[in-house]
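So the chains spell out like this:
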Amino acid sequence: MATKGNLLVVDDELIVRDSLDKWFREEGYDVTVAESAQDALTKMAAKRFDLALVDIKMPGTDGVELQRRMREIDPEMLVIIMTGYASVDTAVAALKNGAYDYVSKPFDPDDIAHSVHNAISHKRAEQENVRLRETVASVVRPQEIVGQSAAMVRVFEAIQTVGPTDATVLITGESGTGKELCARAIHAASPRHYNPLVVIHCGALAETLLESELFGHEKGAFTGAQYRKKGSFEVAEGGSVFLDEVGDISLKTQTDLLRVLQEREITRVGSTHPIQVDFRCIAATNKKLDQLIEEGRFRPDLFYRLNVFQIQLPALRDRKGDIPILVEHFVRKFSASMNKRINRVSPTAMALLDRYQWPGNVRELENAVERAMVVAQEPEIREGDFALRLPLAENQPRTLEDIERAHILAVLEDCKGNQTLAAEVLDIDRVTLHNKLKKYGWKRVTADAL
Amino acid sequence: MEAGHCGRPVNLVQLLPFGPAAAETLSELRAGLEREFAVPCEILPPEPEPAFAFNLTRQQYSSTEILAAMLKRNTPAKWRLLGVTPVDLYIPILTFVFGEAQLPGTCAVVSSHRLSQEFYGLPADPRLQHERLLKEAVHELGHTLNLSHCEDYQCAMAPSHGVEWIDLKTSSFCGTCRTLVPTRSILNASR
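Please read these numbers as outputs of a predicted model, since none were measured by experiment. (Residues numbered from 1 in each chain as written. Chains lettered and ligands numbered in written order. Predicted model: local features only at pLDDT ≥ 70, side-chain atom pairs only at ≥ 80, totals over all residues. Heavy atoms only, no water.)

Asker: Would you mind showing me how to read the overall build of chain A here?
Answerer: Regarding its fold elements, chain A presents 19 helices and 16 strands. A sequence separation of at least 24 residues applies to 71% of the contacts in chain A between residues at least 6 apart. Summed over all atoms, the accessible surface of chain A reaches about 22,900 Å², with 51% contributed by carbon and sulfur. (Helix = DSSP H or I, 4+ residues; strand = E, 2+ residues; numbered from the N terminus. Contact = heavy atoms within 4.5 Å. Areas by Shrake-Rupley, 256 points an atom, 1.4 Å probe, with all protein chains shown as cover.)

Asker: Would you mind showing me how to read the interface of chain A and chain B here?
Answerer: Size of an interface: often given as the accessible area lost when the parts come together. On the side of chain B, 20 residues touch chain A, which itself brings 20 residues to the contact. Regarding the contact of chain A and chain B, the summed buried area is about 1,800 Å², with carbon and sulfur atoms giving 64% of it. Between the two partners, chain A and chain B, sit one salt bridge. A salt bridge links A:Lys22 to B:Glu100; the nearest nitrogen and oxygen atoms lie 3.1 Å apart. Our count for the chain A to chain B interface comes out at seven residue pairs in polar contact (both at pLDDT 80 or more). (Buried area = accessible area lost by both parts, 1.4 Å probe. Salt bridge = Lys/Arg side-chain N within 4 Å of Asp/Glu carboxyl O. Polar contact = N/O pair within 3.5 Å; in protein donor to acceptor, adjacent residues only side chain to side chain.)

Asker: Looking at this structure, how should I read the nonpolar core?
Answerer: The tendency in soluble globular proteins is for nonpolar side chains to be buried side by side. Among the nonpolar cores identified, the biggest contains 37 residues, and A:Phe24, A:Leu53, A:Ile112, A:Val116 and B:Met70 are the most heavily contacted of them. Broken down by secondary-structure element, the contributors of at least two residues to this core are strand S1 (6-10), helix H1 (14-26), strand S3 (51-55), strand S4 (78-83) and helix H5 (109-139) of chain A together with helix H3 (63-71) and strand S8 (107-111) of chain B. The greatest single-element share of this core, amounting to five residues, is contributed by H5(A). If sequence neighbours within four positions are ignored, A:Val116 has contacts with A:Leu7, A:Phe24, A:Tyr29, A:Leu51, A:Leu53 and A:Ile80. Counting residues in hydrophobic clusters, the runner-up holds 35 residues, among them B:Leu29, B:Leu134, B:Leu147 and B:Val181. (Core = buried A, V, L, I, M, F, W, Y, C linked by side-chain atoms within 4.5 Å. Buried < 20%, exposed > 50% of the residue type's maximum accessible area, 1.4 Å probe, protein only.)

Asker: Just to check I follow, could you spell out the pattern of salt bridges for this structure?
Answerer: When the charged atoms of two side chains lie near each other, side chains of opposite charge can form a pair. All names here are of chain A. Counting across every chain of the model gives 37 salt bridges over all chains. For Asp354, the salt bridge goes to Arg405, with nearest N and O atoms at 3.4 Å. With Asp354 in helix H14 (residues 347-355) and Arg405 in helix H17 (residues 400-414), this residue pair connects regions lying 51 residues apart in the sequence. Relative accessible area serves as the criterion here: at 28%, Asp354 is assigned to the partly exposed category. Overall, Arg405 belongs to the buried group, its relative accessible area being 17%.

Asker: Looking at this structure, I do not really get the pairing of S8(B). What am I missing?
Answerer: On a regular strand, each side chain points to the face opposite its neighbour's, so the side chains alternate between the two faces of the sheet. All names here are of chain B. Of all the five residues making up S8, five are buried; the element is thus mostly covered by neighbouring parts of the structure. Side-chain alternation along S8 places Cys107, Val109 and Ser111 on one buried face and Ala108 and Val110 on a second face that is also buried. When strand S5 (residues 79-85) meets S8, the two strands line up parallel, connected through five bridges. Each bridged residue has a counterpart across the sheet, and for Gly83 the counterpart in S8 is Val109. Bridge count between strand S7 (residues 99-101) and S8: three bridges; the pairing is antiparallel. Looking at S8, one finds that Ala101 is bridged to Ala108. (Pairing = 2+ DSSP bridges.)

Asker: What is the right way to look at H17(A) in this model?
Answerer: An α-helix turns once per 3.6 residues; consequently, residues spaced three or four apart project the same way. Residues and elements named next belong to chain A. The terminal C-alpha atoms of H17 lie 21 Å apart, and with 15 residues this matches the ideal 21 Å at 1.5 Å per residue to within 8%. By the burial criterion, the buried members of H17 are Arg405, Ile408, Leu409, Val411, Leu412 and Glu413. Of the surrounding elements, those touching the buried residues of H17 are H14, helix H18 (419-426) and helix H19 (430-439). Count one or two residues on from H17 and you reach Lys416, which has phi positive near 55 degrees. (Expected span 1.5 Å × (residues − 1).)

Asker: Looking at this structure, how should I read a nonpolar patch on the surface?
Answerer: Together, B:Phe119, B:Tyr120 and B:Leu122 make up an exposed nonpolar region whose accessible area comes to about 260 Å². Checked against the element boundaries, B:Phe119 lands in the loop between S8 and helix H4 (126-144). (Patch = residues over 30% accessible without salt bridge, like charges linked within 9 Å, V, L, I, M, F, W, Y side chains within 5 Å.)

Asker: What's the story with helix H3 (residues 63-73) of chain A in this structure? I'm lost.
Answerer: Residues and elements named next belong to chain A. Among the residues making up H3, those that are buried are Gly63, Val64, Leu66, Gln67 and Met70. For H3, the angular spread of buried residues about the axis comes to 155 degrees, placing them on one side. Those residues of H3 that are buried lie in contact with S1, helix H2 (37-46), S3, S4 and helix H4 (88-96). A side-chain oxygen of the first residue of H3 lies 3.3 Å from the backbone nitrogen of Val64; this N-cap is Asp62. (Arc of directions from axis to C-beta.)

Asker: Explain the packing of H17(A) against H19(A) here, please?
Answerer: How two helices sit against one another is set out by the angle between their axes and by the gap between those axes. Residues and elements named next belong to chain A. Where H17 meets H19, the closest approach of the two axes is 11 Å, and the angle between their N-to-C directions is 115 degrees. The handedness of the crossing between H17 and H19 comes out as left-handed. Contacts between H17 and H19 involve Glu401, Glu404, Ile408, Leu409 and Leu412 on the former and, on the latter, Leu433, Lys436, Leu437 and Lys439. For the contact of H17 with H19, the per-class residue count stands at five nonpolar, no polar and four charged. (Axes fitted to C-alpha atoms, helices over the stretch in contact; angles between N-to-C directions. Left-handed = near helix turned anticlockwise from the far one by under 90°. Nonpolar A, V, L, I, M, F, W, Y, C, P; charged D, E, K, R; others polar.)

Asker: What is the right way to read the sheet that holds strand S2 (residues 30-34) of chain A from this model?
Answerer: Strands belonging to one sheet form pairs held by backbone hydrogen bonds; the direction of such a pair is parallel or antiparallel. Residue and element names in this part refer to chain A. Judged by pairing direction, the sheet is parallel, and its five strands sit side by side in the order S2-S1-S3-S4-S5 without closing on themselves. Across the chains shown, the open sheet's two edge strands, defined by having one partner strand only, are S2 and strand S5 (101-104). Across this sheet, the average inter-strand angle for adjacent strands is 20 degrees, counted without regard to direction. In terms of strand pairing, S1 meets S2 through five bridges, oriented parallel. Note on S2: the bridge partner recorded for Leu7 is Val31. Its contacts with the sheet place H1 against S1, S2, S3 and S4, and it is angled at close to 170 degrees to S2. Where H3 meets the sheet, it contacts S1, S3 and S4, and its direction lies at approximately 155 degrees from that of S3.

Asker: How should I be thinking about the layout of surface pockets in this particular structure?
Answerer: Taking a probe equal in size to a water molecule and rolling it over the atoms shows the remaining empty space. Residues and elements named next belong to chain A. The computed volume of the largest pocket comes to approximately 570 Å³. Lining the largest pocket we find 24 residues, and of these Gly176, Gly178, Leu181, Val362 and Glu366 sit closest to its centre. Where the lining of the largest pocket is concerned, the elements lending two or more residues are helix H7 (179-188), helix H13 (323-338) and helix H15 (361-375). When the residues that make up the lining of the largest pocket are grouped by side-chain class, the tally is nine nonpolar, six polar and nine charged. (1 Å grid on protein atoms, 1.4 Å probe; cavity = no way out; pocket = protein on both sides within 12 Å on 5 of 7 lines; lining within 4 Å. Points joined across faces, edges and corners; volume = space filled by probe spheres on them.)

Asker: Help me understand the packing of H17(A) against H18(A) in this model?
Answerer: Residues and elements named next belong to chain A. Running from N to C, H17 and H18 cross one another at 125 degrees; their axes reach a closest spacing of 9 Å. Taken as axis vectors, H17 and H18 run oblique relative to one another. Helix-helix and strand crossings are classified by hand; for H17 and H18 the assignment is right-handed. Packed against H17, whose contacting residues are His407, Ile408, Val411 and Leu412, the element H18 presents Gln419, Ala422, Val425 and Leu426 at the interface. Looking at side-chain class alone, the contact of H17 with H18 contains six nonpolar, two polar and no charged residues. (Parallel < 35°, antiparallel > 145°, perpendicular 65-115°, else oblique.)

Here you go:
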């Protein structure tokens, strides 16, 4: 039968040791006794204990000093200090040194049973908590930000630099560049990552609703406020708040938000009682805030508060080199969710994606790949799968080189990637074809790559 | 009681009164133990109040010293000697105990002192006191069979540090404790 826990009883009086030994064994604990501080430390070296019951008055090293040494050896072991001479001073000294509890001899049986039971339950709950956090941390990874371009490497470096700090971060970038993903990565890299990341899409809410979302409200604060509600800053206690599209909020809410960032306290709508809040602020916008400031539509002081550390996310058209690995990432993602065995993107299809300007950035690319995978025949996505819904950028200049490249890739696709055969069809030698493909940055996307 | 049938670790329980005990109390206890353990139970001639175990400072009686005195009687391994006393018992580290037993062994002692309603300023209830005494007697005899405390609050081996806990439990072992009795008992070896 498993014991309720391993106890170490340290007392210089034999009769006390024997009494506690027998009584706790009857209670179902595994008990080890020690007659002195030295004896206790020796026994700790040989065995791990959940809890030590330590007499405060012993010859040589007393209980408070022993407790300090015990914590050095095993910080997780809890200590209950026992005394025959209860005094406030010794109790305070013991508890200040980290004792879990302080009990006077003789003990009331119910009190000591509960104290030991509670201490061990507390320790096990803490251990379980740590284990679960480790499990969650290993299982739940923040969504991957994909990219190898120099612009994205700079973004990754910025996230790694600012993530572990408590600095307010302003993420800028066009719509669809991955601002929320970036915010999640910053939160994940921070010591706050075990606490919530609360996301508020400021642009999606009317002014009064946004106020209620951010600051909470009291019951009856407005029509429909049937219950007291915590605001995002309260919900995020100890974590982060991500204010998406912060450029869309009204001047009045900007004033309230500025006060929250300065004072670190909120007042619920309908209340006059301020509440202290602990959060890290991450904001994002696709607007040019300096322009909004010039137009008087954004408070400069709020901008300075938010713009402590800025991360600029590049548009996809400025990092087209990342398109193949982004496509690979999305194909893998949707293959799993759609249960389709797509493992290739034809060279002409990839060339098409490369030519497109992607005004909607990565989000548009993701949607395009998803749509293409719906219509694609296994195992390959072809140019036509995109052409159905994905228009080329209008007025795209079509140079002779563009035409040559498109023709070469089309022939290569018809030859199923066989360069020797394609060179014969094109009536050029294989080395020339190879050089042209290299010049166009063509890269075979195959099952291996995907 | 099954404990008596499963390997029969016990074949006789002796009740040894220390100090005055009502005949009705002892006979009720004997009947209850015979029912629970399915073995004969006999009442020995009473001993005087255990003055040898009295602690002047605490105004209580040391259960450990009473047990030590009982051990001198050399009770056979398959017998159990249960001391029954109206005096208030203690062990050095606790303010009081309802009883104490060898874990495992042949001797145990229980006190009726804190089992009466009068102790708590309530009207007397002899029947409730008899029930509590039987539960504590089964509990301490369970310790002599090497049973430790049980998490089943209805089991006789559930810890009871106050009478309210005693009232919650029954005088019988739970299924788990019942199965542990024969294997845990040291009483397989005959004297």
